[in-house]
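Residue-level listing of the chains:
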Amino acid sequence: MTIWTCFTCGIEHPDTPRPPANCAICDDERQWVPPSGQQWTTQAELIEAGYTTHVRELEPDLYAITVEPELAIGHRGLLVRTPAGNLLWEPPGYINEQVVDEVRGLGGVAVISASHPHLTGASIQWSHAFGGVPVLVSAADQQWIRRPDPAVELWSGVREVLPGLSFHQCGGHFAGSSVAHWPAGAQGRGALLTGDTILPGPDGKSVSVMRSYPNRIPLPERAVRRIQDTVRPLTYDRLYSAFVVVDTGAHQIVERSLDRYVSWISGDLPD
Ligand SMILES: [Zn+2]
Ligand SMILES: [Zn+2]
């Protein structure tokens, strides 16, 4: 059987003789199906096409895992090392023996998760490569699981995943959208891994939140406030999204940016 990967979003689907009729992730109003239509690929095809993986240190105990050429939306996975085991956050939609060896050399993987369904990539293949480690999925997003597997474990609210690493459900982009809090990050000043739950601008000096980034669908005030209220009690200075980093001052930047957002959507600012 063949594991089918959607070429647009990079998310794996169950192993079936023929590809699925559609990708529910891409059909959703938050994503898109290209004008040329739905396309599927397989790991064998990607290997044949010369896709490669790269692991590089972002700061002590934090590594970025990227795929070249860029696959799907081109997000990077993050590997957080802790004394109790490693978190693989938002793994890419591609995996090969080389990257498995490299990650094993960094201590392997104890648990896998993602901020929301768009960035789940090949989570189940990554889990199987590391002995079937748990893949945590926000219970509110259960309907978006594309490849059911015994490794999947549902959670909600707040969850300590490893000593010194916790998940916090913020909602917004998806009902189950979450962030990972890593207090040891940024030399002990704390770091937040946000995926698409909170997305920085290109300069890393402001952030935004949206129901859909590519289709420019905003969030209502109550959703923005809930995100703000969820992350406010957390201690962090740095923020890693799926693409951009807010290097320092992230706590104040999130607070200020989300206040600004609410001002604009509620019409408090001049035209
Ligand atoms: Zn898709
Ligand atoms: Zn997303």
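Starting from 1, residues in each chain are numbered consecutively following that chain's sequence as written. A letter from A marks each chain and a number from 1 marks each ligand, given out in the order of writing. Reporting in this predicted model follows two pLDDT cut-offs: at least 70 for local features of residues, and 80 or more for side-chain atom pairs to be given and counted; totals over whole chains, interfaces and linings ignore these cut-offs and use all residues.

A. Up close: the overall build of the protein. In terms of regular secondary structure, the protein is built from 6 helices and 18 strands. With respect to the three principal axes, the spread of C-alpha positions in the protein is 55 × 45 × 30 Å. Residue burial here comes from a neighbour count, namely the number of other C-beta atoms, placed from the backbone, that lie within 10 Å of the residue's own C-beta, with 20 or more meaning buried, 12 or fewer meaning exposed, and in between meaning partly exposed. By residue count, 42% of the 271 residues in the protein fall in the buried class. With C-beta atoms placed from the backbone, a contact is any residue pair whose C-beta atoms sit within 7 Å. Of all intrachain contacts in the protein linking residues separated by at least 6 positions in sequence, the fraction that spans at least 24 positions is 57%. Starting at the N terminus, helices and strands are each numbered in turn, a helix being any DSSP run of H or I of at least four residues and a strand any DSSP run of E of at least two.

B. Summary view of the sheet that holds strand E5 (residues 62-68). What makes two strands pair is DSSP finding at least two bridges between them. A sheet is described by the order of its strands in space; here 7 strands give the open sequence E4-E5-E6-E7-E8-E9-E10, paired in mixed fashion. Bordering the open sheet on either side are strand E4 (52-59) and strand E10 (152-155), each of which pairs with just one other strand. Looking at each pair of strands side by side, their axes are set apart by 25° on average, direction ignored. Bridge count between strand E6 (residues 77-82) and strand E7 (residues 85-89): 5 bridges; the pairing is antiparallel. Bridge pairing links Leu79 to Leu88 in E7. Fitted lines through C-alpha atoms give the axes, limited to the stretch in contact for helices. The angle between two N-to-C directions lies from 0 to 180 degrees. Relative to the sheet, helix H3 (residues 97-105) contacts E4, E5 and E6, its axis offset from that of E4 by approximately 25°.

C. Representation of the environment of Cys6 within the structure. Checked against the element boundaries, Cys6 lands in strand E1 (residues 2-6). In this structure the C-alpha to C-alpha distance between Cys6 and Ser166, which are 160 residues apart in sequence, comes to 30 Å. Apart from residues no more than four positions distant in its own chain, Cys6 is found in contact with Ile11, His13, Cys23, Ile25, Cys26 and Trp40.

D. View of unusual backbone geometry. With an omega of -10°, the peptide bond running from Glu68 to Pro69 counts as cis. Relative to the helices and strands, Pro69 resides in the loop between E5 and E6. With phi around 55°, Ala72 is a residue other than glycine that occupies positive phi space. Residue placement: Ala72 occurs in the loop between E5 and E6.

E. Representation of the sheet that holds strand E12 (residues 165-169). Ordered in space as E11-E12-E13-E14-E17-E18, the 6 strands form an open sheet in which the pairing is mixed. What marks the edges here is a single partner per strand, and that holds for strand E11 (158-162) and strand E18 (245-246). In the sheet, E11 pairs with E12 via 4 bridges, with the strands oriented antiparallel. Following the sheet pairing, Val158 is matched in E12 by His168.

F. Here's a closer look at the pairing of strand E14 (residues 191-195). Taken across its 5 residues, E14 has 5 buried, putting it largely inside the fold. The two faces of E14 match: Ala191, Leu193 and Gly195 on one face and Leu192 and Thr194 on the other face are all buried. Bridging between strand E13 (residues 178-182) and E14 involves 3 bridges; their strand directions are antiparallel. Residue pairing across strands places Trp182 opposite Ala191, the latter belonging to E14.

G. Main features of the packing of helix H5 (residues 221-231) against helix H6 (residues 250-265). It is the contact of H5 with H6, at a shortest axis distance of 10 Å, that shows an interaxial angle of 170°. Accordingly, the angle class assigned to the pair H5 and H6 is roughly antiparallel. Viewed along their axes, H5 and H6 form a crossing whose handedness is left-handed. Residue-level contacts link Glu221, Val224, Ile227, Gln228 and Val231 of H5 to Val254, Glu255, Leu258, Tyr261, Val262 and Ile265 of H6. By definition in this entry, angles of less than 35 degrees are roughly parallel, angles greater than 145 are roughly antiparallel, angles of 65 to 115 are roughly perpendicular, and the rest are oblique. Should the near helix be turned anticlockwise from the far one by less than a right angle, the crossing is termed left-handed; should it be turned clockwise, right-handed.

Coordinates in, geometry out; function isn't part of it.
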